[in-house]
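# Observations on the three-dimensional arrangement
Chain by chain, the residues:
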Amino acid sequence: MNLHSKRCSVSSPTKDQDISKWVHDVTRGDNSLSVTLTRSNPLSGETAPFKVVTKMRTEQNKHKCIDVYRSHGDFYWLHSALQVSCPDRIIPPLQHQISLFETIIEFQRFLNRLSSHMFLKTHPLLYKFLCGSNESIRLARTEYRQSKLELTPQESRPQTRGGEQDTSLADTK
């Protein structure tokens, strides 16, 4: 256990961690990123029910671990925000589950797919989710909600193939 502690030093997330260093370490082809999801300890005082542990192997072959706590809503925010941010990419599905056990399996599967995807594993939103502080996640979720509210009715209407607005569902008097 002592050896493991020396090799994998846990750090708390910070606001200003260097994303370019993250991208460089993550894009190395040797499976340098792994994400593990567990149920957070209710006695720890954390309000978020899930503990996400991100392990990354750096250039010097040292291991770096970051523990963050995330809620159900954080996972669904990440999924939605990636869909909006990357419309040309297929974002892995994230399905609602009934039991806690199935939810953990679903969230773990989602994170595994993101962390193994060539493009998405370097996306700033995933970086923020895996390494950011709770405050940075809260701010990102607020910005995302506001950007969705700023859509004008014109922008949010469905488009037809010819680029014209689809008025078939328009209100009629």
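Note: the structure precedes this text.
My aim in this report is to walk through the structure given alongside it, one point at a time. Computed from a predicted model, the values in this text were never measured in an experiment. Here the residue index of a chain counts from 1 through its sequence in written order. Totals for whole chains, interfaces and linings use all residues, but because this is a predicted model, local features are given only for residues with pLDDT of at least 70 and pairs of side-chain atoms are given and counted only at 80 or more. In computing side-chain properties, one takes all heavy atoms of the structure into account and sets aside hydrogens as well as water.

Throughout, exposure labels follow a simple rule: accessible area from a 1.4 Å probe, protein chains only, divided by the maximum for the residue type, with under 20% read as buried, over 50% as exposed, and the rest as partly exposed. Each helix is a run of DSSP H or I of at least 4 residues and each strand a run of E of at least 2, with the numbering of both proceeding from the N terminus. Counting buried positions over the 8 residues of strand 4 (residues 63-70) gives 6, a clear majority of the element. Strand direction decides the pairing type here: strand 3 (residues 50-57) and strand 4, joined by 8 bridges, are antiparallel. Opposite Lys51, over in strand 4, you have Tyr69 as the bridge partner. Following DSSP output, two strands are said to pair if at least two bridges run between them.

Turning our attention to helix 5 (residues 124-131). Across the 8 residues of helix 5, 6 count as buried, placing the element largely inside the fold. All of the buried residues in helix 5 are Leu125, Leu126, Tyr127, Phe129, Leu130 and Cys131.

Let us look at the nonpolar core. To form a nonpolar core, buried Ala, Val, Leu, Ile, Met, Phe, Trp, Tyr and Cys residues must be joined to one another through side-chain atoms within 4.5 Å. The biggest cluster of nonpolar side chains holds 29 residues, and the ones touching the most others in it are Val52, Phe75, Trp77 and Leu78. Those elements that provide at least two residues to this core are strand 2 (33-39), strand 3, strand 4, helix 3 (72-85), helix 4 (100-116), helix 5 and helix 6 (134-149). It is helix 5 that contributes the most residues to this core, 6 residues altogether. Leaving out residues up to four positions away in the same chain, Leu78 has contacts with Phe110, Leu114, Leu125, Leu126 and Phe129. Here, two residues are considered to be in contact whenever any of their heavy atoms come within 4.5 Å of each other.

With respect to the element layout, Arg113 can be found in helix 4. C-alpha separation for the pair Arg113 and Pro92, spaced 21 residues apart in sequence, amounts to 6.7 Å. Those residues in contact with Arg113 that sit more than four places away from it in its chain are Pro92 and Pro93.

Turning our attention to the packing of aromatic side chains. Within 6.5 Å between ring centres, the rings of Phe, Tyr and Trp (the latter by its six-membered ring) count as paired, and their orientation is classed by plane angle as stacked under 30 degrees, edge-to-face over 60, tilted in between. Per the counting criterion, the structure on display carries 5 aromatic pairs. Ring centres of Phe75 and Phe107 lie 4.0 Å apart, and the angle between their planes is 5 degrees; on these two criteria the pair is classed as stacked. Residue Phe75 is located in helix 3, and its partner Phe107 is located in helix 4; the two are separated by 32 residues in the primary sequence. Here Phe75 and Phe107 have matching classes, each one buried. Ring geometry for Tyr76 and Phe107: centres 5.7 Å apart, planes at 75 degrees, overall edge-to-face. With a gap of 31 residues between them, Tyr76 in helix 3 and Phe107 in helix 4 connect regions that are remote in the sequence. You can call Phe107 buried: its relative accessible area is 1%. A connected cluster of aromatic rings, assembled from ring pairs, spans Phe50, Phe75, Tyr76, Phe107 and Phe129. Sitting above the plane of the Phe129 ring, Arg70 keeps its charged end 5.6 Å from the centroid. Between Arg89 and the ring centre of Phe119, over which it is positioned, the NZ or CZ distance is 3.9 Å. Each ring is checked for a lysine NZ or an arginine CZ that lies within 6 Å of its centre and within 35 degrees of its normal; such an atom marks a charge sitting over the ring.

Basic side-chain nitrogens of Lys or Arg form a salt bridge, by our definition, when they fall within 4 Å of a carboxyl oxygen of Asp or Glu. Overall, the coordinates contain 4 salt bridges when judged by the stated rule. Salt-bridge contacts for Asp67 lead to Lys51; the nearest nitrogen and oxygen are separated by 3.7 Å. With Asp67 in strand 4 and Lys51 in strand 3, this pair connects stretches of sequence that are 16 residues apart. Judged by relative accessible area, which is 18%, Asp67 ranks as buried.

Attention now goes to the side chain of Thr122. Within the secondary structure, Thr122 is located in the loop between helix 4 and helix 5. Assessed through its relative accessible area of 16%, Thr122 is described here as buried. Among the polar contacts made by the side chain of Thr122, one reaches the main-chain carbonyl oxygen of Phe119 at a distance of 2.9 Å. As used in this structure description, the phrase polar contact means that two N or O atoms lie within 3.5 Å; if the pair is within protein, one of them must be able to donate a hydrogen and the other to accept it, and residues adjacent in sequence are counted only when both atoms belong to side chains.

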